[in-house]
Amino acid sequence: MLDASYELVLGYLVKGFNVFTITEKLLVGLTAYVNLFPLSGIHAMLMTIVSLTKPGDTVLSLSPDECGHFATRSIVEEMGRKSIYIPTSNGKIDFEELSDLLQRESIQLIYFDLMSHIETIDIKSIKSLAQEGTIVVYDASHTLGLILGNQFQDPFLEGADVICANTHKTFPGPHRGLILAKDALLGEVIENVVSGKFYSSVHCGTLLAMLVTIFEMRDFGNEYAKQVIDNANVLAENLEGKGIDVARCSDGTYTKNHQVHLLFENREDARTALELLRDSDIVAHLCYRESSGYFVRLGAQEITRRGIADMALIANLITSTINGEKNAQKVKNLMYSHSNKYFSYDAI
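Residues numbered from 1 in each chain as written. Predicted model: local features only at pLDDT ≥ 70, side-chain atom pairs only at ≥ 80, totals over all residues. Heavy atoms only, no water.

Counting secondary structure elements, the protein chain contains 13 helices and 12 strands. Relative to the globule expectation of 20 Å for 348 residues, the C-alpha radius of gyration of the protein chain, 21 Å, shows essentially globular dimensions. Counting only C-alpha atoms, the protein chain reaches 55 × 55 × 30 Å along its principal axes. Residues classed as buried in the protein chain amount to 51% of the 348 residues present. At a minimum sequence separation of 6, the contacts of the protein chain that also span at least 24 residues come to 72%. Total accessible area on the protein chain stands at roughly 15,800 Å², and carbon and sulfur atoms take up 51% of it. (Helix = DSSP H or I, 4+ residues; strand = E, 2+ residues; numbered from the N terminus. Rg over C-alpha atoms; globule rule 2.2 N^0.38 Å. Buried < 20%, exposed > 50% of the residue type's maximum accessible area, 1.4 Å probe, protein only. Contact = heavy atoms within 4.5 Å. Areas by Shrake-Rupley, 256 points an atom, 1.4 Å probe, with all protein chains shown as cover.)

For the rest of this paragraph, the subject is the sheet that holds strand β12 (residues 293-299). The antiparallel open sheet is built from three strands, whose spatial order is β10-β12-β11. The open sheet has two edge strands, β10 (259-263) and β11 (285-289), and neither has a second partner. Strand-to-strand, the axes of this sheet are offset by a mean angle of 40°, without reference to chain direction. Where β10 meets β12, five bridges bridge the pair, whose relative direction is antiparallel. Its bridge partner being in β12, His-261 is matched across the sheet by Arg-297. Strands in contact with helix α9 (residues 204-241) are β10 and β12; relative to β10, the strand with the most contacts, it is inclined by about 20°. (Pairing = 2+ DSSP bridges. Axes fitted to C-alpha atoms, helices over the stretch in contact; angles between N-to-C directions.)

Here we take up the environment of Val-234. Take Val-234: it is sitting in helix α9. For the pair Val-234 and Ile-123, spaced 111 residues apart in sequence, the C-alpha separation works out to 28 Å.

The next subject is a negative patch on the surface. Together, Asp-245, Glu-265, Glu-268 and Asp-269 make up a negatively charged patch on the protein surface. For Glu-265, the position within the fold is in the loop between β10 and α10 (267-279). (Patch = residues over 30% accessible without salt bridge, like charges linked within 9 Å, V, L, I, M, F, W, Y side chains within 5 Å. Salt bridge = Lys/Arg side-chain N within 4 Å of Asp/Glu carboxyl O. Lys, Arg positive; Asp, Glu negative; His and termini not counted. Charge placed at Lys NZ, Arg CZ, Asp CG, Glu CD.)

Turning our eyes to something else, we now look at the pairing of β11. For β11 and β12, the ladder comprises five bridges, and the chain directions are antiparallel. Counted as the bridge partner of Cys-287 is Phe-295 from β12. If you look at the hairpin formed by β11 and β12, you'll find three residues sitting between the two strands.

Attention now goes to unusual backbone geometry. Within the chain, Asn-90 stands out as a residue other than glycine whose phi angle is a positive 55°. Relative to the assigned elements, Asn-90 resides in the loop between β4 (88-89) and β5 (92-93). Its identity is not glycine, yet Asn-150 carries a phi of approximately 60°, on the positive side.

Below you can see the structure in the form of C-alpha cells.
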C-alpha cells in the first residue's frame, strides 16, 4: 500500500501536472528560479560557482576555521578561480578589514558556506559593503528546512541573490540538491550554463521523494522547524546541566538552528568523545573553530522528525556515552520505538 504522501504526489502526476511546475508553484514567493537537478550539496555548489564566475575571478568565502565548508577553497581553485577568506577576529567577522578587502579586491562572488554554526550571519551588512555587481550566494545545506519553515534568517530578504543547498539535513528529504535564484535573469544565466552539461538524468525516484518533502514542508514546515530549534536548545540545556561544556550564541541562547556544539579542551578529548558517540550509533562530527577550539557537532533535526520529545533522555544517553558507557543497544531500541515520521502526511 502506498503511504499518504506518495498518494498525494501521484494524484497530481496522474492529473498531468509536471513535477517542476508543481515545485515552482510551491516555492512561489520565495524565488524566481528553481533548479532541482543537483544530486548533492557539493554538486549544487559546483554548478553555482561555474555558472556565476569565470576562470580568474575571485570568490570570497568563510574559512574552515570559522564555520566554512572544508571543500569550498579546493573546489574554487580547481576550477581556476581565486579563493579568499572573509576576515574574522575572535570568531566574528572583522567588518573594517572586510570593507577594505572588498574595496581593494575585485570580488565577483561572495559564497556563504556555513557548515558548523549556531548563529545567523549578517548578510545585509556584508552585501552593503560589496561593490556593485558582486553576487551573493548563501549555501543553506544545513538550514534549508528552517528557512522554508520561517524560523531562521531568510537569505533572500537580507540580500542574497542565490540559495543553493543539499536536501537531507533540516530539509528532511532524499540525498539531492537544489539551486534557487531570486532574480529570473540570474536564474537564466545559471540555466544556460548548467543545462545539458552538469547533469544527464532526472533521477526520478529521488526527485519524487524530494517533491513529497516540499509538500510536507509547505504544510508542516513552520511547526517542524520551530520544534527542531526548541529541541536543540532544550537538549543543550540538559547537556550543560550534566556537566558538558556547551557553546552559546552571543545573546546567551544555545543555538539559533538545529546544531548543538559540545566544547572540549583539546583535539584528543574531542576525538575520544566523537569515537565513543559513534561507537554507540550516535551521529556526531568533529569540528574546529579558531575562536573556540575543537568541538563535537550534534543536530536535533532527525530526533525531531521521529517525534522524540524527551531531550533529557537524549542528553543522558549522550553524557553517559561520553563517560564510557556503551549505549548502542539503547540507541537502537530508541530508534526502533520511534520509527514513524512526524510533521508528515503519514503522521496525520
